[in-house]
Amino acid sequence: MDEHVTPIRRLANLDAIRGVGVLGIFFLNIYFMGNSFFGYAQHAVQPISDITIELLSNFFLEGRFFSLFAMLFGAGMLIQFQKYQSQLAQPSSHKYLKQQKWRLYWLILFGIIHGVFIFPGDILLSYGVSGLLAFKYRYLDADALIRQAKWFIFMSLIPITLISLSPDDQVYLRDSTLFMEQLSAWTGSYSEQLIMHLTMFGYMILVIPLTLMWFIAGLMLIGMALYKREVFSKGLDANTLKQSLFWALTLSLIDSVLSFSGNTILVALSDVVLLLSALACALVYIHIICLLCQNSSQRFTALQNVGKLAFSLYILQSIVGIILLRYLAPEWQQQLDRTGYMSIAVFYTIVQLLLAHWYLRYFKQGPLEKLWRYLVLRRG
């Protein structure tokens, strides 16, 4: 490798970025905690507040944290591998590569459990499968990783576009017949919800090898390239930052125009544009956080704490959101506008910051992080 990295020292920037990612993803997942298939039910005539929040989301939220996590995951795999690399000459060195693969196998299992029994909007399964693919390219230099990532993303966008353009005549608006049917199903007994989960999970099993596996693997390869170029330590170079800003703003604008066009085909295409705008915007977020945090454990400590517990907090978000919107207050699915959902997300963000601060005063590792590590070491 032609890049100079120091894999042993923990990067505070990564924890801060991960913290932003796990907090941010709840602002999007909250819409799907009640109805995990259709998500938020719009009004026939949208209030100004809904339009405003959706526009802001198109520019700053949608897909951004998904991309952040995928790139961080790729960087994390490379960091772990380089930590093990110093022992590759020893007879027992093969066990470290075995451990890395078992980390992904266990993540896939966690994803299956999470997706089937808790929240079918799970992303862990996709990350585990994509990680197995991306890990094969760990020896490539940064430029080669970027080239391979472009191919993976291009390959994924073709079937994603075709799926997006597939005809769908269902009308899912607030108080529509479909909305009421869905509300009844998603707030019914747990056994009824489980059937819905299994249906969605079966769909995901079919879709992942065609679309998400390649797209997420591409993002992971970009994360590896960023790490090899020391972007997670120093931020983006000036030229890459300018390009990322340009494409983030331009593609977000195109996405917004398409999504509000009222044309079914154009709205479907906006979902594809969204993926690319999210990637560019995520790169900008990485640069900003690295610039502000400067790899200091004394800066953005609250975000770093959340980042250290990202796995546990991600699962807890699902549990809290589903209990709230399916059991404690299912009527909110009929009553809340986007402002209400955002208020819940803001409140729970504060709760997570306080929870992470309190937890790390007494423990060094999150409960699921600890379990994951134990299972990997025990199996490896």
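Look above for the structure.
All residue numbers refer to position in the chain's written sequence, counted from 1. Given that this is a predicted model, residues contribute local features only at a pLDDT of at least 70 and side-chain atom pairs are listed and counted only at 80 or more, while totals for whole chains, interfaces and linings are drawn from all residues. Only heavy atoms go into the side-chain values, all of them from the structure, while hydrogens and water stay out.

A.B. asks: What is the right way to read helix α1 (residues 12-29) from this model?
C.D. replies: One turn of the α-helix equals 3.6 residues, which is why residues spaced by three or four share an orientation. Each helix corresponds to a stretch of at least 4 residues labelled H or I by DSSP, and each strand to a stretch of at least 2 residues labelled E; elements are numbered beginning at the N terminus. To estimate the expected span of a helix, count its residues, drop one, and scale the result by 1.5 Å. An ideal rise of 1.5 Å per residue puts 26 Å on 18 residues; α1 measures up with 26 Å between its terminal C-alpha atoms. Here α1 lies mainly inside the structure; 18 of its 18 residues are buried. Relative accessibility decides the category of a residue: with a 1.4 Å probe and only protein chains considered, values under 20% of the type maximum give buried, values over 50% give exposed, and everything between is partly exposed.

A.B. asks: Mind showing me how you'd approach the state of the cysteines here?
C.D. replies: By definition, a disulfide is the covalent link that joins the sulfur atoms of two cysteine residues. Throughout, disulfides are identified as pairs of cysteine sulfur atoms within 2.5 Å of each other. This model, assessed by the stated rule, comprises 0 disulfides. Between C281, a cysteine without a disulfide, and C290, which holds the nearest cysteine sulfur, the sulfur-to-sulfur distance is 14 Å. On the basis of relative accessibility, which here comes to 6%, the residue C281 falls in the buried class. Unpaired in this structure, C293 has its nearest cysteine sulfur neighbour in C290, at a distance of 7.8 Å. The class for C293 is buried, based on a relative accessible area of 0%.

A.B. asks: Could you clarify how one ought to interpret the packing of helix α13 (residues 301-308) against helix α16 (residues 338-362) in this entry?
C.D. replies: Helix-helix packing: each pair is described by the crossing angle between the helix axes and the interaxial distance. Simply put, an axis is a line fit to the C-alpha atoms, just over the touching stretch for a helix, and the angle between two N-to-C directions goes from 0 to 180 degrees. Running from N to C, α13 and α16 point in directions that differ by 75°, and their axes come no closer than 9 Å. Here α13 lies roughly perpendicular to α16, going by the angle between them. Across the interface between the two elements, A302, L303, N305, V306 and K308 from α13 touch Q352, L353, A356, H357 and L360 from α16. Each residue gets one label: Ala, Val, Leu, Ile, Met, Phe, Trp, Tyr, Cys and Pro are nonpolar, Asp, Glu, Lys and Arg are charged, and the others, such as Gly, are polar. Its residues placed into classes, the contact of α13 with α16 shows 6 nonpolar, 3 polar and 1 charged. An angle below 35 degrees is treated as roughly parallel, one above 145 as roughly antiparallel, one from 65 to 115 as roughly perpendicular, and anything else as oblique. Contacts are assigned to residue pairs with any non-hydrogen atoms lying within 4.5 Å of each other.

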